[in-house]
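# Architecture and fold: a report
The primary structure of each chain is shown beneath.
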Amino acid sequence: LSKLFSPNPILPTGTTTLRLTVTNPDTVNTISGVGFTDIFPTAPAQMSLSSASYTNTCGGTVTDSANNPLAVGSTSVKLAGGSVGPNTDCTVLVTVKLNTATTGTYVNTAGIDSTDNLVVTLTPTAAKSFTPSTIALSATSTLTIMLTNNTALGALSGVSFIDPLPTGLVVA
């Protein structure tokens, strides 16, 4: 069983797709009775389903861990009775969300070797100011744009923005 959050990282209260993949390396035999249970992280805050819809290429039955149909707000996903053909894999996809604006690393573990960390971080912000803020006709002012890296991911690259000048202003 492997797990992958995509996209990763996401913003607080954002959504991401959780892909759970079962691989059958046997080139001859189908694996039947495939199942797993994934309880979503509760720390730093609770993660839950943002939609009751899901994709399942494994066959079998998809429910929450208490065997109830998936619903918005469910905090787990379970597969029972699936099968995987020889030398292939199958997937279960669900969309999860964070229920708070809590940033941090959400460790999601299902099974012995199946872990993926979801990073939740803030976006960079921009602030601008004119100095001086009031000028006479045809005078100049300096525009300063300050970008602040609020992320927990370290340095950012490839950051860009568009900031059209107000009507009547031109670059001197």
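Check the entry above for the structure.
In this report, the structure presented in the accompanying data block is examined.

Within the protein chain, the secondary structure is distributed over 0 helices and 11 strands. The C-alpha atoms of the protein chain give 24 Å as radius of gyration, which overshoots the globular expectation for 172 residues (16 Å, by more than 25%). Taken over the C-alpha atoms alone, the protein chain extends approximately 80 × 35 × 25 Å along its principal axes. Looking at the protein chain as a whole, 28% of its 172 residues qualify as buried. Long-range pairs, those at least 24 residues apart, make up 61% of the contacts in the protein chain between residues at least 6 apart in sequence. Only carbon and sulfur atoms are counted for the fraction: they give 56% of the accessible area of the protein chain, which is about 9,900 Å².

This part is about the sheet that holds strand β3 (residues 31-39). Taken in spatial order, the 3 strands make up an open sheet running β3-β6-β5, and their pairing is antiparallel. Bordering the open sheet on either side are β3 and β5 (61-63), each of which pairs with just one other strand. Averaged over all neighbouring strand pairs, the angle between strand axes comes to 10°, with direction disregarded.

This next bit is on the environment of Phe5. Checked against the element boundaries, Phe5 lands in strand β1 (residues 2-6). Here Phe5 falls in the buried class, since its relative accessible area comes to 2%. C-alpha of Phe5 to C-alpha of Ala155: the two residues are 150 residues apart in sequence and 22 Å apart in space.

On to the layout of surface pockets. In this model, the largest pocket occupies a volume close to 370 Å³. Ile135, Ala139, Ser141, Leu169 and Val170 are the residues nearest the centre of the largest pocket, which is lined by 17 residues in total. Residue classes in the lining of the largest pocket are distributed as 11 nonpolar, 6 polar and no charged.

Attention shifts here to the sheet that holds strand β2 (residues 15-23). Reading across from one edge, β1-β2-β7-β4 is the order of the 4 strands in this open sheet, with antiparallel pairing throughout. Lying at the two open borders of the sheet, with one neighbouring strand each, are β1 and β4 (47-56). In this sheet, neighbouring strand axes are inclined to one another by 25° on average, regardless of whether the strands run parallel or antiparallel. Across 5 bridges, β1 lies against β2 in antiparallel orientation. Across the sheet, Phe5 pairs through a bridge with Leu18, a residue of β2.

Looking now at the nonpolar core. Where a protein is soluble and globular, its nonpolar side chains tend to be buried together. Counting residues in each nonpolar core, the largest one holds 25 residues, and the members touching the most others are Phe40, Met47, Val77, Val92 and Val94. If you list the elements that add at least two residues to this core, you get β2, β3, β4, β6 (76-84), β7 (89-98) and β9 (115-120). Ranked by the residues each element gives to this core, the list is headed by β7, at 5 residues. Discounting residues that sit within four places of it in the chain, Val92 has contacts with Leu18, Arg19, Leu20, Phe36, Thr55, Asn56, Cys58, Val62, Val77 and Leu79.

Here is what the cut-offs are and how they apply
Residues numbered from 1 in each chain as written. Predicted model: local features only at pLDDT ≥ 70, side-chain atom pairs only at ≥ 80, totals over all residues. Heavy atoms only, no water. Helix = DSSP H or I, 4+ residues; strand = E, 2+ residues; numbered from the N terminus. Rg over C-alpha atoms; globule rule 2.2 N^0.38 Å. Buried < 20%, exposed > 50% of the residue type's maximum accessible area, 1.4 Å probe, protein only. Contact = heavy atoms within 4.5 Å. Areas by Shrake-Rupley, 256 points an atom, 1.4 Å probe, with all protein chains shown as cover. Pairing = 2+ DSSP bridges. Axes fitted to C-alpha atoms, helices over the stretch in contact; angles between N-to-C directions. 1 Å grid on protein atoms, 1.4 Å probe; cavity = no way out; pocket = protein on both sides within 12 Å on 5 of 7 lines; lining within 4 Å. Points joined across faces, edges and corners; volume = space filled by probe spheres on them. Nonpolar A, V, L, I, M, F, W, Y, C, P; charged D, E, K, R; others polar. Core = buried A, V, L, I, M, F, W, Y, C linked by side-chain atoms within 4.5 Å.

Fair warning: the whole summary comes from geometry, so function is off the table for now.
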